[in-house]
Amino acid sequence: MVSAGLFCSAAQAATDDVAIGFLPLDSVSTALRKTLSPQGRFVVLTQNGTVRVIDAPEKIAEARRVIGELQKTPALVSLELTLKTGMRRVTRGTSSQPPAETVDIPIPQRIDPPRIFLAPNGQYFVIPAQPRDFQTRRVGPGMTVNISPTGFATLDAQINVSKTSLEGGIAQRFSGTGALEKRALIAVSRRVSDPAALRALAVKLGAVTDAEPAWSTAATELAVTPEVVRDGLILNVTPQIVAVTAASPVARRIPISACAAPILVRRDTPATIDGLPHAQPEFYRLFFGAAGAGDDTITSLTASTAVRYLVPVAK
């Protein structure tokens, strides 16, 4: 919590949450101390990327304007995307065994029923059931005890529990640096092994038409545009093919818009999505070179970011 003074009077004070995105916290504090009235205060809520401002309405409006100006400070964004293919969902069974040795368990012989109590202030309270008159019951291997208001019982039992998790897979990491609100290009494959198959896939996904000339070589990349939003950064990720035809040596960038996806990354927290939309195993094998992607496997894409401002945000 960061405070800039005492509360405003109840008649004047208002409260509003202002998005701070990835701004340095000390810069936010410095700017607000200069902006708010002596009676105003603020609390930085890092978990949702906002600052709660408590002051007169006109001071809150000024604080919002100042924070908006700080957001325009030039900054670099470090981007890291991790593609994990070839994962499989595995269900494993575990068991909860009864006691392995003889133990003594206190068992209530009498349980008073719940009661409703009326307090002097007119409110009702419930007093839960109360166990009474405990006696020890010796329980050996292979036996469990069920306690109920009517007594107890013993029986042979074993509780089976299953747990499902994702296992295996191969991770590929791609990184780059860009600027806020500007497109950054992250290289995936400098030269794909089968440009003809990749061209056919581009036709299938609607990126090019059947009239597209044959590709002599092709490379792949991810175009990522970081966009500041209230909750953090939206990374607009679009796969792109850099194609060269035999007729023209000039490379041409072809976006695969059908597989584009926005990824919301909050402050200091990586975000994971279940792969790219409309991307089948064939896409991951041809575009990313992910040999482990198959019809019976699961794919995920994890994004993480770090923002570094190039000049002091606030003096």
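Novice: Mind laying out the packing of aromatic side chains, listing which residues take part and the relevant values?
Specialist: Under the defined criterion, the tally for this structure stands at six aromatic pairs. Judged by centre distance (5.7 Å) and plane angle (45°), the ring pair of F174 and F288 falls under tilted. Remark: F288 occurs in the loop between α4 (281-287) and β18 (298-309) and F174 occurs in strand β11 (residues 159-179); sequence separation between them is 114 residues. F288 carries the same exposure label as F174, and that label is buried. Overall, the relative accessible area of 5% leaves F288 in the buried class. In this structure an aromatic cluster arises from ring pairing among F174, F283, Y284, F287 and F288.

Novice: Please provide a residue-by-residue account of helix α1 (residues 25-35), values included.
Specialist: S27, V28, S29, A31, L32 and T35 are the residues of α1 that are buried. Buried residues belonging to α1 abut β2 (41-45), β3 (50-55) and α2 (57-70).

Novice: Just give me the short version of the pairing of strand β14 (residues 232-245), but keep the residues and values in it.
Specialist: In terms of residue burial, β14 counts as a mostly covered element, since 13 of its 14 residues are buried. Alignment of strand β13 (residues 215-229) against β14, held across 14 bridges, turns out to be antiparallel. Residue T225 lies in a different strand from β14, and its bridge partner there is N236. Sheet topology places β14 next to strand β16 (residues 261-265); five bridges connect them, and they run antiparallel. The partner of I234 across the bridge, within β16, is L264. Across four bridges, β14 lies against strand β15 (residues 252-255) in antiparallel orientation. Residue V242 lies in a different strand from β15, and its bridge partner there is R253. Turn length for the β14-β15 hairpin, with the two strands adjacent in sequence and antiparallel, is six residues.

Novice: I'd love a proper account of the pattern of salt bridges, names of residues and values included.
Specialist: Tallied over the full model, the rule gives eight salt bridges. One salt bridge in this structure joins R65 and E62, with 2.7 Å as the shortest N-O distance. Taken as a pair, R65 and E62 lie in helix α2 at a separation of three residues, close to a single helical turn. Owing to a relative accessible area of 46%, R65 belongs among the partly exposed residues under this scheme.

Novice: Residues and numbers for unusual backbone geometry, please.
Specialist: The residue E181 is not glycine, and still its phi comes out positive at about 70°. Mapped onto the fold, E181 is located in the loop between β11 and β12 (184-189). In this structure, H278 takes a positive phi of about 60° despite not being glycine. Along the chain, H278 turns up in the loop between β17 (271-273) and α4. Taking the relative accessible area as the measure of exposure, H278 reaches 58% and is therefore exposed.

Novice: Give a detailed account of the sheet that holds β3, specifying residues and quantitative values.
Specialist: Spatial strand order, β1-β3-β2: three strands in an open sheet with antiparallel pairing. Either end of the sheet is taken by a strand with one partner, and the two such strands are β1 (14-19) and β2. Adjacent strand axes in the sheet meet at a mean angle of 20°, parallel and antiparallel pairs treated alike. Pairing of β1 with β3 involves six bridges; the strand directions are antiparallel. Bridge pairing in β3 places V18 opposite V51. Together, β1 and β3 form the strand contacts of α2, whose direction differs from that of β1 by roughly 5°.

Thresholds applied
- Residues numbered from 1 in each chain as written.
- Predicted model: local features only at pLDDT ≥ 70, side-chain atom pairs only at ≥ 80, totals over all residues.
- Heavy atoms only, no water.
- Phe/Tyr/Trp six-rings, centres within 6.5 Å; stacked < 30°, edge-to-face > 60°.
- Helix = DSSP H or I, 4+ residues; strand = E, 2+ residues; numbered from the N terminus.
- Buried < 20%, exposed > 50% of the residue type's maximum accessible area, 1.4 Å probe, protein only.
- Contact = heavy atoms within 4.5 Å.
- Pairing = 2+ DSSP bridges.
- Salt bridge = Lys/Arg side-chain N within 4 Å of Asp/Glu carboxyl O.
- Axes fitted to C-alpha atoms, helices over the stretch in contact; angles between N-to-C directions.

By themselves, these observations are geometric and do not establish any function.
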